[in-house]
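# Structural overview for review
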Amino acid sequence: MPDHYHNKLVFVGDMGAGKTTAVRSISDVEPVSTEMPMSVGERTDTKSTTTVALDYSTVELDDGELLHIYGVPGQKYLDFMWPMVCEGALGIIVLVNAGHPDKLATTESLLNEFSRMAPSANFAIGVTHADLADDFSLIEFRNALLRAGFKLPIMKVDARRPEQVDFLIKALLAYSYAGSQLQIA
Ligand SMILES: Nc1nc2c(ncn2[C@@H]2O[C@H](COP(=O)(O)OP(=O)(O)OP(=O)(O)O)[C@@H](O)[C@H]2O)c(=O)[nH]1
Ligand SMILES: [Mg+2]
């Protein structure tokens, strides 16, 4: 397995959840991006392009650890890219729009699908757009996922805020290392 896979994190989630924004927020360098204009009917005031292949960038954590950060396209017809981008990932962050009417079912199916694609990855969930969804309750969402058998780090994150994205990434890394076997020499 190539060396950089050990430090590979991937943002996944529905179209518009904030994957490209999150990669861009925490990048140390100009990300590789494959954005294409959206059709006129799909555009909003804040989103006019969509990812058609992948996002890629790097970020160096406080202690000098280099992470390779990827984003996948959210649109289902581009899902053939998902296994290619996720191969060998250490961690996968599912971004979920708090205002999505079907967010529980969507999140469960994304967790199932991506855990099949990347069986050794650890997962975390970032709920975006909570500022626009007054009736969203993180506790209720977390409990519903728990009832469905998903026990993983979950927090609100504004993908536009680097410090929030950074915190989510560190939560996932801490969780993944806590799950590893204690080695005693
Ligand atoms: N209000 C609000 N806007 C957000 C938040 N997080 C991200 N956004 C905005 O939501 C949009 C997300 O767009 P992208 O980052 O392109 O979404 P994506 O997940 O890459 O979408 P695809 O590549 O099309 O699948 C951008 O306009 C962001 O500025 C949030 O927490 N609150
Ligand atoms: Mg994108």
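First, a word on what this report is: a plain description of the structure on this page. (Residues numbered from 1 in each chain as written. Chains lettered and ligands numbered in written order. Predicted model: local features only at pLDDT ≥ 70, side-chain atom pairs only at ≥ 80, totals over all residues. Heavy atoms only, no water.)

Among the nonpolar cores identified, the biggest contains 29 residues, and V10, I92 and I125 are the most heavily contacted of them. Secondary-structure elements contributing two or more residues to this core are β1 (8–13), α2 (81–86), β6 (91–97), α3 (103–117), β7 (122–128) and α4 (138–147). No other element matches α2, which puts four residues into this core. Counting residues in hydrophobic clusters, the runner-up holds 23 residues, among them F11, A17, L67 and I169. (Core = buried A, V, L, I, M, F, W, Y, C linked by side-chain atoms within 4.5 Å. Buried < 20%, exposed > 50% of the residue type's maximum accessible area, 1.4 Å probe, protein only. Helix = DSSP H or I, 4+ residues; strand = E, 2+ residues; numbered from the N terminus.)

To continue, consider the site of ligand 1. Close to ligand 1 lie 21 residues, the nearest being K19, T21, T46, T50 and T51. Separating an oxygen atom of ligand 1 from a backbone N or O atom of T46 is a distance of 2.8 Å. The fraction of the free accessible surface of ligand 1 (670 Å²) that becomes covered by protein chains is 91%. Those elements that place two or more of their residues in the shell around ligand 1 are α1 (19–26) and β3 (49–51). (Near = heavy atom within 4 Å. Polar contact = N/O pair within 3.5 Å; in protein donor to acceptor, adjacent residues only side chain to side chain. Areas by Shrake-Rupley, 256 points an atom, 1.4 Å probe, with all protein chains shown as cover.)

Moving on: helix α5 (residues 162–178). Along an α-helix, a turn takes 3.6 residues, which lines up residues three or four apart on a common side. Compared with the 24 Å implied by 1.5 Å per residue over 17 residues, the 24 Å span of α5 between its first and last C-alpha is a close match. Looking only at α5, the buried set comprises V165, L168, I169, A171, L172, L173 and S176. As for α5, its buried residues are in contact with β1, α1, β5 (66–71), β6, β7 and β8 (154–156). (Expected span 1.5 Å × (residues − 1). Contact = heavy atoms within 4.5 Å.)

Helices that pack against each other are described as a pair by the angle of their axes relative to one another and the distance between those axes. It is at 11 Å that the axes of α3 and α4 come closest, and there the two elements cross at 45°. Between α3 and α4, the angle is such that the two are oblique. Considering only the axes of α3 and α4, their crossing is right-handed. Two secondary-structure elements touch here, α3 through K103, L104, T107, E108 and L111 and α4 through F141, A144 and L145. Looking at the contact of α3 with α4 residue by residue, the classes come out as five nonpolar, one polar and two charged. (Axes fitted to C-alpha atoms, helices over the stretch in contact; angles between N-to-C directions. Parallel < 35°, antiparallel > 145°, perpendicular 65-115°, else oblique. Left-handed = near helix turned anticlockwise from the far one by under 90°. Nonpolar A, V, L, I, M, F, W, Y, C, P; charged D, E, K, R; others polar.)

Right, let's talk about the coordination of the magnesium ion (ligand 2) for a bit. Coordination sphere of the magnesium ion (ligand 2), protein contribution only: T20 (OG1) and T51 (OG1), at 2.0 Å. One end of the pair, T20, is in helix α1; the other, T51, is in strand β3, and 31 residues separate them in sequence. The pair T20 / T51 is uniform in exposure class, with both members buried. (Donors = N, O, S within 2.8 Å, 3.2 Å for Na, K, Ca; no water.)

Time to look at the sheet that holds strand β4 (residues 55–60). The strands making up a sheet associate through hydrogen bonds between their backbones, and the pairing can be parallel or antiparallel. Strand order in the open sheet formed by six strands is β4-β5-β1-β6-β7-β8, and the pairing between neighbours is mixed. Looking along the sheet, the strands with just one partner apiece sit at the ends: β4 and β8. Strand-to-strand, the axes of this sheet are offset by a mean angle of 25°, without reference to chain direction. Strand direction decides the pairing type here: β6 and β7, joined by seven bridges, are parallel. Residue pairing in the sheet places I93 in a bridge with A124 of β7. (Pairing = 2+ DSSP bridges.)

Our focus in this paragraph is unusual backbone geometry. One non-glycine residue, H129, lies in positive phi territory at about 60°. Assignment of secondary structure puts H129 in the loop between β7 and α4. Relative accessible area serves as the criterion here: at 28%, H129 is assigned to the partly exposed category.

With that out of the way, let us pick up the pairing of β5. Two faces, one strand: in a regular strand the side chains alternate between the faces of the sheet. β5 sits mainly inside the fold: five of its six residues count as buried. Pairing analysis gives four bridges linking β1 to β5, with the strands arranged parallel. Following the sheet pairing, F11 is matched in β5 by G71. Inspection of the sheet shows β4 paired to β5 by six bridges, in the antiparallel sense.

Here the focus is the pattern of salt bridges. In this structure the tally under the stated criterion is eight salt bridges. Here K170 ties to D62 by a salt bridge, and the two come within 3.0 Å at their closest N and O atoms. With a gap of 108 residues between them, K170 in helix α5 and D62 in the loop between β4 and β5 connect regions that are remote in the sequence. The exposure class assigned to D62 is exposed, which follows from its relative accessible area of 72%. (Salt bridge = Lys/Arg side-chain N within 4 Å of Asp/Glu carboxyl O.)

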